[in-house]
Amino acid sequence: MWLKPEEILLKNAFKLWVTEKDNEYFILQRRRGYGEGGGGLTGLLVGTLDTVLDSTSKVAPYRILHHTPDSQVYWSIACGVTKEEIVQHWEWLQQNIMRTLSVFDSSEDITSFVQGKIRGLIAEEGKTSLVLEEDPEKFREALLRFEKWFELPSEEKLVTYYSTNFLCFYSYLLGSEGKPFFLKLVISWDEIWRLEKTSNVILTESIHVLAHGEDHYFSMLLHLNETFVIMEQLADYSIKRLFDKEAFQREPALSDPLQITKRGLEAHAKSDQFRAFFRLPKEENLLEVHESFLWVPFNHYNTLGKICLSENYLCFASQDGSQCHIIIPMREVVNVEKPDPSSRALTVCVRGKRALRFSEVRDYQRLANTIRSRCGISASPQHSASSEVTHSLHNNVTLMVGQKDSSKAVSTEALMTVFHPQDVENLDPKMLKEKMKEQSWNIHFSEYGRGTSMFFTRKTRDLIVRGVPEALRGELWMLFSGAVNDMATHPGYYSELVEQSLGTSTLATDEIERDLHRSLPEHPAFQSDTGISALRRVLTAYAYRNPKIGYCQAMNILTSVLLLYAKEEEAFWLLVAVCERMLPDYFNRRIIGALVDQAVFEDLIRENLPQLVENMTDLSFFSSVSLSWFLTLFISVLPIESAVNVVDCFFYDGIKAILQLGLAVLDYNMEALVCCHDDAEAVTILNKFFDSVTNKDSPLPPTVQQASVGNNEKTSHVKVDISELIREAYEKYGSIRSEDVESSRKRNKLYVIQTLEDTTKQNVIRVVSQEVRFNASQLDELYNLFKRQHFLSCYWTMKSPALLHHDPSLAYLEQYQLGFQQFSMLFSLLEPWAFCTTKSTLSLWVFRLIDENQDGLINFKEFCCALDTLFSGSFTNKLKFLFKLHLPPAFDLPEDGVIRKSPERGRGKVDLQAYLKQWQNEILKKEETIKDLPRINQTQFIQFSKTLYNIFHGDPEEESLYRAVAHVTSLLLRMEEVGRRLQEPSSPPATTAAADTAATSAEESPTEEASTTPGSSNTSGSQDSQDAGSDPPETEWSFSFEQVLASLLNEPAIVNFFERPVDIHLKLGQAKVAQLKVKAAK
């Protein structure tokens, strides 16, 4: 590698370098301790220096220096990992530089010319090979060391000294590879179970990594926090890309693994935080951040904070993030007044005759111009539609209820206003309190604004905790969740979805129909066609919008409550906000998001409820019992009139509100839970508690309120008011920060996904173990190799076939599959004989043979069954496998290796009839006998002979094996000739020979016409000339498997070769070491 010329003094200091070649202007040197004559104490010392000192010239074992005869100064211009590499540089200098140097008169001119040439070479390399980094020269050095030490494929790139797909560590103390103190780790990010910062007595602060059941602690890092953040981002990126594809496909900026940079990861993380905090659509990205003061009219002072600008939103958050924040959609901005240079201020005017004044903005002029340009772009049709939408939040539109053609009619009113309209004349205490709540909110709106540009403050949260009035609930849910912005920017979208999804029949729609009447069945709204039809439309439209989620249980319960307080279209956008932003990965087959939050909940129990932890060692009980709390936001365990108060808090504070309430519930029942003898008793205690929760301020009549399950045991539990319970949760656990929750989510997501993956592995191994003779340990290693090969095809490409076909919703066996290229590389590492190279056509035939459903993908069971035959099968089974390689469909097909048919995958598109038919065929499938095999024709037999020669090549008994094959081939041909002549008088000449004097007397003839292709490959090789003794017949000859088997059984050399035991453990160990190197060599 060419290096930026760097001055070096005292080139032979400490005798660390040995000169290999030199001339008048250049010197090629070898690092002492490397190459010939290396080692000894000098080599150990040099190795230690190379580890500690950070310089390429001290790390690379070879270097080239430039000097002039009349100067004592030397310049390092190149270095190399291998002698071949440095010799190439040396020869280039000899051919392209040496002749030119003789024309210069002075040493300074020579040095200047050489330096210019080297810099030019580096610049050319940089155009194609290096990404832009803050310190390109230092990055080149790191890249050199990375390639030298770890020997990963050339596609693997560094993200500012961190590998995209691997966690790599290399260190030795007074040693090198092969020495006792040497340590090298290569762990792919997708294999990590835990990644966290820890501290203990010995290591004050370190990074803990758990992988392959081993703990690794990395400490004494100069920038530990920065290192940990990047590691966390890379691990999260890998997990999303390889396991959690639903979330990953929504992030096109990270779709190409070869274009990942540190800046890109940081920008992506900041945009994630920005969207989560301000509840913005997933398309928004954080573009600019400006520190400034904002005039808050309700407090009459300027508050310090940050302006955050995205494509369509201007947001502001005060310094601590909790005092106040505001979201201003660009569509609501009507003007940006001329900035005030004296205070570096700009004033943004929004609809409703409101103005926001930002001061002390460093780049105020450019910010003002940016806002103006974005408002100009976003104005017009979209913003006129949005104003109608926002207006409709406060005004009632015509109601459409009781329609029998429920598929098309879209309700324009919340169901609660239809089935429980408020009586203005009613002046009972509960209604009076409800009116007081409304008045409090109206006063709040007058001070802090109403609608999309309202100030969010501590007072807003206080009002939420006290309870939201029934009349304002739908409007506030839309505002707090950010769904109001989704709806405003997609006018007519829901109606189009309803129209398009009308009449569709999928697995999701079947499940929806099944659950419609189980959704709040006690509520009058869902005892009528109006509520059921609205629920059906919302759920079906969402399943049509997002087929990867489709429909999951608990979505019906949540949507039912949304429809009670929001109009139908609003309920749809609230469901979108919950499923895609607020509760990511909750509603899918594996409910990863819910399981992650269960783990977060366990962590919080350990931190906040030590008494409970001391008395209950296994906290997994709380995870299982609280799963429904998280999936349904407590709706499934609390009466509806109490549960809606929880939903109020959730839409304002997100998952933090559910976690707080969960802790409060456990704290309230602490004494009873501590005294429990088993899990069943604890479940009973919690169920009784939830039955006792009431909402004393609810204005709903008894016909709408849910009846408590435990009404007959009223004396057993004191009634608990939901408002008091929520207030207590905020008082005791309100200090939990959303940032800490997100950090805990990232930490636990790795463990949850790896646990699910491990469960998948155990299930697959349990199924496959019934079909093969491998033991559990061998199957475990095989599965790890198979899965890693799957991922090796995904690490460096955007659209790997294997990655595209990975679907966690499929059966366990189908989740990881290999295409031909991946299979060929892995099979070449594991097959017992040296016949299957990665480019061999034989590997293609093996692939086709074991691809039973012919979808161009091999699952783990198919792979193991093939290996089991080759490793542990009898001589007959091994020979039958080789025989079938030369029959259709393995042999007689175009050699394309591509997917020939790919069944539709994914939820909602599953062909259940096809799956049932395939399952039935597998049950009824009888064991194949040697009599079921068709005959092998002339072309196929010639290739079969070639395959045997290839297998035997390089074996110690190669010569005797070759002679045995030649003898068998000659014998079979003579037998076939005799059989053909005996048959000629009684059989038409066009018929293929069907009997043999030395084989069975009865043959199956129906399968013979499939193998009568003209023999065109007569020029096979030196061993294929055994038929020279007889003239080629006009009719093509063929053999049955019995004939081939009987002939080969008479050759002890061949029988001994195939019955020779294979060291499976050794093969697996070698494959594990070589797997990455094969990819790198390729």
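The structure presented is a predicted model; accordingly, all values stated were derived computationally and were not measured. (Residues numbered from 1 in each chain as written. Predicted model: local features only at pLDDT ≥ 70, side-chain atom pairs only at ≥ 80, totals over all residues. Heavy atoms only, no water.)

What to know about the packing of aromatic side chains
For any pair of aromatic rings, the description consists of the separation of the ring centres together with the inter-plane angle of the planes. Put simply, the test is: Aromatic rings from Phe, Tyr and Trp, with only the six-membered ring used for Trp, were paired whenever their centres fell within 6.5 Å, and each pair was classed as stacked if the ring planes differed by under 30 degrees, edge-to-face if by over 60, and tilted otherwise. In this scheme, a residue with accessible area under 20% of its type's maximum is buried, one over 50% is exposed, and one in between is partly exposed, where area comes from a 1.4 Å probe on protein chains only. Numbering of helices and strands starts at the N terminus; helices are DSSP runs of H or I of at least 4 residues and strands are runs of E of at least 2. Each ring is checked for a lysine NZ or an arginine CZ that lies within 6 Å of its centre and within 35 degrees of its normal; such an atom marks a charge sitting over the ring.
The tally for this structure, following the rule as stated, stands at 48 aromatic pairs. Ring plane angle 75° and centroid distance 5.1 Å describe the contact between phenylalanine 572 and tryptophan 573, whose orientation is recorded as edge-to-face. On the basis of relative accessible area, phenylalanine 572 is assigned to the buried category, the value being 0%. Ring geometry for tyrosine 949 and tyrosine 962: centres 5.2 Å apart, planes at 85°, overall edge-to-face. Separated by 13 residues along the polypeptide, tyrosine 949 in helix H39 (residues 938-952) and tyrosine 962 in helix H40 (residues 958-983) bring together distant segments of the chain. Aromatic ring contacts, followed pair by pair, group Tyr783, Phe786, Phe820, Phe823, Phe827, Phe847, Phe860 and Phe863 into a single cluster. When the ring centre of tryptophan 17 is taken as origin, the NZ or CZ atom of arginine 63, which lies over that ring, is 4.1 Å away. Just above the ring of tyrosine 565 sits the side chain of arginine 473; from NZ or CZ to the centre is 5.1 Å.

Remarks on the pattern of salt bridges
Applicable threshold: The working definition used for a salt bridge is a side-chain nitrogen of Lys or Arg within 4 Å of a carboxyl oxygen of Asp or Glu.
Going through the model one piece at a time under the given rule, you end up with 44 salt bridges. A salt bridge links aspartate 363 to arginine 366; the shortest N-O distance between them is 2.8 Å. Look at arginine 366 and you get partly exposed, because its relative accessible area is 39%. The partner of aspartate 515 in a salt bridge is arginine 514, and the shortest N-O contact between them spans 3.5 Å. Look at aspartate 515 and you get buried, because its relative accessible area is 3%.

Describing the pairing of strand S15 (residues 313-318)
Note the following rule: By the convention used here, strands pair only if DSSP detects at least 2 bridges between them.
Among the six residues that make up S15, six are buried, leaving the element largely enclosed by the rest of the structure. Where burial is concerned, the two faces of S15 agree: the one with Tyr313, Cys315 and Ala317 and the one with Leu314, Phe316 and Ser318 are both buried. Across five bridges, the pairing between strand S14 (residues 301-309) and S15 is antiparallel. In the strand pairing of S15, cysteine 308 is matched with cysteine 315.

Re the packing of helix H19 (residues 529-545) against helix H21 (residues 568-582)
Cut-off, in case you're wondering: Fitting a line to C-alpha atoms yields each axis, with helices limited to the stretch in contact; the angle taken between N-to-C directions then spans 0 to 180 degrees. For classification purposes, angles smaller than 35 degrees are called roughly parallel, those larger than 145 roughly antiparallel, those between 65 and 115 roughly perpendicular, and all remaining angles oblique. In a left-handed crossing the near helix is turned counterclockwise from the far helix by less than a right angle, and in a right-handed crossing that turn is clockwise. Throughout, a residue-residue contact means that at least one pair of heavy atoms, one from each residue, lies within 4.5 Å. Here the term charged refers only to Asp, Glu, Lys and Arg, the term nonpolar to Ala, Val, Leu, Ile, Met, Phe, Trp, Tyr, Cys and Pro, and the term polar to all other amino acids, Gly among them.
Taken N-terminus to C-terminus, the directions of H19 and H21 make an angle of 45°; their axes are 10 Å apart at the nearest point. Considering the angle they form, H19 stands oblique to H21. H19 and H21 meet at a crossing whose hand is right-handed. Facing Ala534, Arg537, Val538, Leu539, Ala541, Tyr542 and Arg545 of H19, the residues of H21 in contact are Glu568, Phe572, Trp573, Leu575, Val576, Cys579 and Glu580. The residue makeup of the contact of H19 with H21, split by class, is 10 nonpolar, no polar and four charged.

Remarks on the sheet that holds strand S5 (residues 74-80)
Judged by pairing direction, the sheet is antiparallel, and its five strands sit side by side in the order S1-S5-S4-S3-S2 without closing on themselves. Edge positions in the open sheet fall to strand S1 (2-8) and strand S2 (17-22), since each of these has one partner strand only. The sheet shows a mean angle of 30° between the axes of neighbouring strands, direction not considered. Across five bridges, the pairing between strand S3 (residues 26-31) and strand S4 (residues 62-66) is antiparallel. If you follow arginine 30 over to S4, its bridge partner there is tyrosine 62.

Quick notes on the confidence of the model for the chain
What counts here: Confidence of the prediction at every residue is given by pLDDT, a number between 0 and 100.
Confidence in the prediction of the chain, expressed as mean pLDDT, is 78, and 75% of residues score 70 or more. The least confident element of the chain, judged by mean pLDDT, is helix H11 (residues 381-394) at 39; the most confident is helix H27 (residues 655-668) at 95. Low pLDDT, under 50, characterises residues 54-58; the stretch is placed with 13 contacts to residues that sit more than four places away or in other chains. Considering only residues more than four positions removed or in separate chains, one finds that residues 377-408, a stretch of pLDDT under 50, has 51 contacts.

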